[in-house]
Amino acid sequence: MAPHRGGNPPSRNTTLIVVAVSCTLFGVLLISSPKGLVFGSKKTTRVHQNKAVTDQPKTETKLSANGQDISKTVTIRPKEEFHDPVEMPRIGLGTAGLQDSTKLVTAALQAGYRAIDTAAQIAVWYQNEDKIGAVLDSFKQTIPRNEIFITTKLHPEDLGTEPTKNAVSTSLTLLKTSYIDLYLIHAPVCWQGFCSKQPKGDWKESWRAMEDLYREGKLKLLGVSNFWPDLLDELYQFAAIKPHVIQNWCDPFHQDRLTRKWAAERGIVYTAYSSLGTQWSARGKQNPVTNSVVLKSIANRMGKSIPQVVLRWQLQHNLVVIPKTNSAEHAAQNLLLFGWSLSDADMTAIDALEGSNE
């Protein structure tokens, strides 16, 4: 079967991949140099050393005084970096399967989004790097480039050294930018129906090419999508520059706990895609997230929407979220995740939905 539009692959045991969005925004992720950084500051001394990063990054999540509300900032402190600190927003706009990318990205930027997630132009469920680039270019007089966080991804048919470098060059041109904030390997291999041609190389060659581009400043952060712990172990041992971000499918009924635990133990940021259950719909199944009695009860009691409850649940688990919507109104609502919190009882109730048939 061909991959469904707007989705990412379901699990490592699945022979079919459906790849989705990853955008990250609002709330801020600071990736800093070994010299450190004053919390919340955007100014640090530039670090440039032609050496590989060998230590894992360390993450730090700031909580409010009552220990319940979540700060909009997570600080990642690698042993050494080749760039200034990078601020990665914690809520972003996903753009897979958007009916009108130009309209939605424009509305999102106007609503306050400062991170946009896309993928290679050849990914049939995206095909919007050019549109996003045009929108960002139209905002350059009012929103400086360094205030926008752009994520895009390498299509698996471009795995290999030279194909990866060519793909990055294409993305830079289409997005009308000189650098990409976060670049992900979208999938480790070509599943059946996922690629129009077989790749010339493998993900390890691509990672080495990405490390080169990282040192050149064309890529600010590196990561992977649709990798699970066994393959992540291999990547972690292989990589000279450790991954900064992992992006996988995670919703209340598919919580990807092993990968989240793996990432947390190494201080790597975990980004959840398909937070609102679009992967279930892409597989021809009823979406359990939007139909959940538990989630609906919590949302009604708190005066929130189900998406807001799910996204807040993920933030309280220290995840980055990248919800996609075709509604400008819903996109704006998805930013309203701070200043309130879910109780321990609510968190436990949502945690219990993993694998359930509710």
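All of these numbers come straight from a predicted model, not from anything done at the bench.

Rules and cut-offs
- Residues numbered from 1 in each chain as written.
- Predicted model: local features only at pLDDT ≥ 70, side-chain atom pairs only at ≥ 80, totals over all residues.
- Heavy atoms only, no water.
- Pairing = 2+ DSSP bridges.
- Helix = DSSP H or I, 4+ residues; strand = E, 2+ residues; numbered from the N terminus.
- Contact = heavy atoms within 4.5 Å.
- Axes fitted to C-alpha atoms, helices over the stretch in contact; angles between N-to-C directions.
- Core = buried A, V, L, I, M, F, W, Y, C linked by side-chain atoms within 4.5 Å.
- Buried < 20%, exposed > 50% of the residue type's maximum accessible area, 1.4 Å probe, protein only.

Asker: Tell me what's going on with the sheet that holds strand 5 (residues 93-94), and back it up with residues and numbers.
Answerer: Spatially, the 8 strands line up as an open sheet ordered 5-6-7-8-9-10-11-12, and their pairing is parallel. Each of the sheet's edge strands pairs with one partner strand only, and the pair in question is strand 5 and strand 12 (320-321). As defined by bridge partners, strand 11 (residues 269-273) adjoins strand 12 across 2 bridges and the pair is classed as parallel. Along strand 12, the bridge assignment pairs Ala 272 with Val 321. In this fold helix 3 (residues 161-174) packs onto strand 7 (149-154), strand 8 (180-185) and strand 9 (219-225), with an angle of close to 140 degrees to the strand it touches most, strand 8.

Asker: Any details on the nonpolar core? Residues and values, ideally.
Answerer: Core analysis: the largest hydrophobic core is formed by 41 residues, its most contacted members being Leu 109, Leu 295, Leu 337, Leu 342 and Ile 350. Top contributing element to this core by residue count: helix 9 (residues 306-316), with 6 residues. Discounting residues that sit within four places of it in the chain, Leu 109 has contacts with Arg 114, Ile 116, Val 135, Leu 136, Phe 139, Ile 143 and Ile 148. In terms of nonpolar packing, the next biggest core, distinct from the first, is built from 31 residues, Leu 154, Trp 207, Leu 213 and Phe 227 among them.

Asker: Can you tell me about helix 1 (residues 101-111), naming the residues and giving the values?
Answerer: Within the span of helix 1, buried status applies to Ser 101, Leu 104, Val 105, Ala 107, Ala 108 and Leu 109. Where helix 1 is buried, its residues touch strand 5, strand 6 (115-117), helix 2 (129-138) and helix 10 (328-333). Phi turns positive, to about 120 degrees, at Gly 112, one or two residues after helix 1.

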